[in-house]
Amino acid sequence: EYTSVAVDVHSNEVFLQDENNFGFRVFNRLDNTPPGADFTEPKRSVMGPKTRMEYNCSIYLDPQNGDVYSLSDDIMDTMAVFPHDAEGDVAPKRELRPPQATFAMAVDEQNEELFLTVEHTSSVVVYRKSASGKELPLRQLVGDHTQLADPHGIVVDSKRQLLFVNNGGSTHSWDAAGKA
């Protein structure tokens, strides 16, 4: 099951996040599956235990250096970053340990910030784009006034300084200290 897609216009490749196989596959953007073929074969795949990907749900390609960011949901609680041309069962070049149940990511390239939705706390956490390990977020959007409810999708509009988040629906009530 493919859960997320990213397109690299420089290399003319499509990156598909493969949640069931804990990895991602890379295809030529202009591949055309011939009639009678079962499917188009990927150029390369990144998957296996060394990758630290499980139930990966969001993918992002860095437009500057081509790095591939892969966000895992629920069990691994890891965002793994790979070089553009990574292949096989390889360890990520960098990992971030975000809160449990992150689901989607967006990057503000202008401010070099990484935005992640967090399902269970109905929040958005913001990290430095280059954050790693157990680094703490720069800030968190949370609470009743945000109207976040099990956020899933997220997009940053740097030009207009807007953040778009779509909700899955479940809600929490928060006290003044930000606790459920």
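Enquirer: Lay out the pairing of strand 10 (residues 113-118) in plain terms, naming residues and giving numbers.
Expert: The buried fraction of strand 10 amounts to six of the six residues, a majority that puts the element mostly inside the structure. A two-sided burial pattern is seen for strand 10, the buried positions comprising Glu113, Phe115 and Thr117 on one face and Leu114, Leu116 and Val118 on the other. Here five bridges tie strand 9 (residues 102-108) to strand 10, and the two strands are oriented antiparallel to one another. Paired with methionine 105 across the two strands is leucine 116, which belongs to strand 10. In textbook terms, the turn of a hairpin is the stretch between consecutive antiparallel strands, and for strand 9 and strand 10 this stretch comprises four residues, one of which, glutamate 112, has a positive phi near 50 degrees. Two elements, strand 10 and strand 11 (residues 123-128), share six bridges in a ladder whose sense is antiparallel.

Enquirer: Describe the side chain of threonine 117, and please don't skip the residues or the numbers.
Expert: Relative to the elements of secondary structure, threonine 117 occurs in strand 10. At 3.3 Å, the side chain of threonine 117 and the backbone oxygen of histidine 152 are in polar contact. Leave out the neighbours within four places in its chain, and threonine 117 touches Ala101, Thr102, Phe103, Ala104, Ser123, Val124, Pro151, His152, Gly153, Ile154 and Val165.

Enquirer: Give a description of the pattern of salt bridges that names residues and reports values.
Expert: Side chains bearing opposite charge may pair, as long as their charged atoms lie close to each other. Evaluation of the coordinates by the stated rule reveals 11 salt bridges. Of the charged contacts in the structure, one is a salt bridge between arginine 44 and glutamate 13, with a shortest N-O distance of 2.9 Å. One end of the pair, arginine 44, is in strand 4 (residues 44-47); the other, glutamate 13, is in strand 2 (residues 13-18), with 31 residues separating them in the sequence. Given a relative accessible area of 2%, glutamate 13 falls into the buried group. Through salt bridges that share partners, Glu13, Lys43, Arg44 and Asp85 make up one connected network.

Enquirer: Can you tell me about the sheet that holds strand 11, naming the residues and giving the values?
Expert: Read across the open sheet, the four strands follow the order 9-10-11-12; overall the sheet is antiparallel. Edge positions in the sheet fall to strand 9 and strand 12 (139-141), since each of these pairs with one other strand and no more. Sheet twist, expressed as the mean angle between neighbouring strand axes with direction ignored, is 25 degrees.

Enquirer: Requested: an account of unusual backbone geometry, with residues and values cited.
Expert: The phi angle at arginine 52 is positive, at roughly 65 degrees, despite the residue not being glycine. By the element assignment, arginine 52 lies in the loop between strand 4 and strand 5 (56-61). Judged by its relative accessible area of 28%, arginine 52 falls in the partly exposed class. The phi angle at aspartate 150 is positive, at roughly 55 degrees, despite the residue not being glycine.

Enquirer: Account for the packing of aromatic side chains, with residues named and values stated.
Expert: Under the criterion given, the structure shown has four aromatic pairs. When the centroid spacing of 6.1 Å and the interplanar angle of 40 degrees are considered together, the rings of phenylalanine 15 and phenylalanine 24 count as tilted. In terms of burial, phenylalanine 15 and phenylalanine 24 fall into one category: buried. Geometrically, the ring pair formed by phenylalanine 24 and phenylalanine 82 is edge-to-face, given 5.8 Å between the ring centres and 65 degrees between the ring planes. Separated by 58 residues along the polypeptide, phenylalanine 24 in strand 3 (residues 23-28) and phenylalanine 82 in strand 7 (residues 79-82) bring together distant segments of the chain. Across this residue pair, the class does not change: phenylalanine 24 and phenylalanine 82 are buried. A connected cluster of aromatic rings, assembled from ring pairs, spans Phe15, Phe24 and Phe82.

Enquirer: Lay out the sheet that holds strand 7 in plain terms, naming residues and giving numbers.
Expert: Backbone hydrogen bonds hold the strands of a sheet together, and the pairing may be parallel or antiparallel. Taken together, the four strands give an open sheet; going across it, the order is 5-6-7-8, and neighbouring strands pair in antiparallel fashion. Either end of the sheet is taken by a strand with one partner, and the two such strands are strand 5 and strand 8 (94-96). On average, each strand axis in the sheet is tilted by 20 degrees relative to the strand beside it, whichever way the strands run.

Thresholds applied
- Residues numbered from 1 in each chain as written.
- Predicted model: local features only at pLDDT ≥ 70, side-chain atom pairs only at ≥ 80, totals over all residues.
- Heavy atoms only, no water.
- Buried < 20%, exposed > 50% of the residue type's maximum accessible area, 1.4 Å probe, protein only.
- Helix = DSSP H or I, 4+ residues; strand = E, 2+ residues; numbered from the N terminus.
- Pairing = 2+ DSSP bridges.
- Polar contact = N/O pair within 3.5 Å; in protein donor to acceptor, adjacent residues only side chain to side chain.
- Contact = heavy atoms within 4.5 Å.
- Salt bridge = Lys/Arg side-chain N within 4 Å of Asp/Glu carboxyl O.
- Axes fitted to C-alpha atoms, helices over the stretch in contact; angles between N-to-C directions.
- Phe/Tyr/Trp six-rings, centres within 6.5 Å; stacked < 30°, edge-to-face > 60°.

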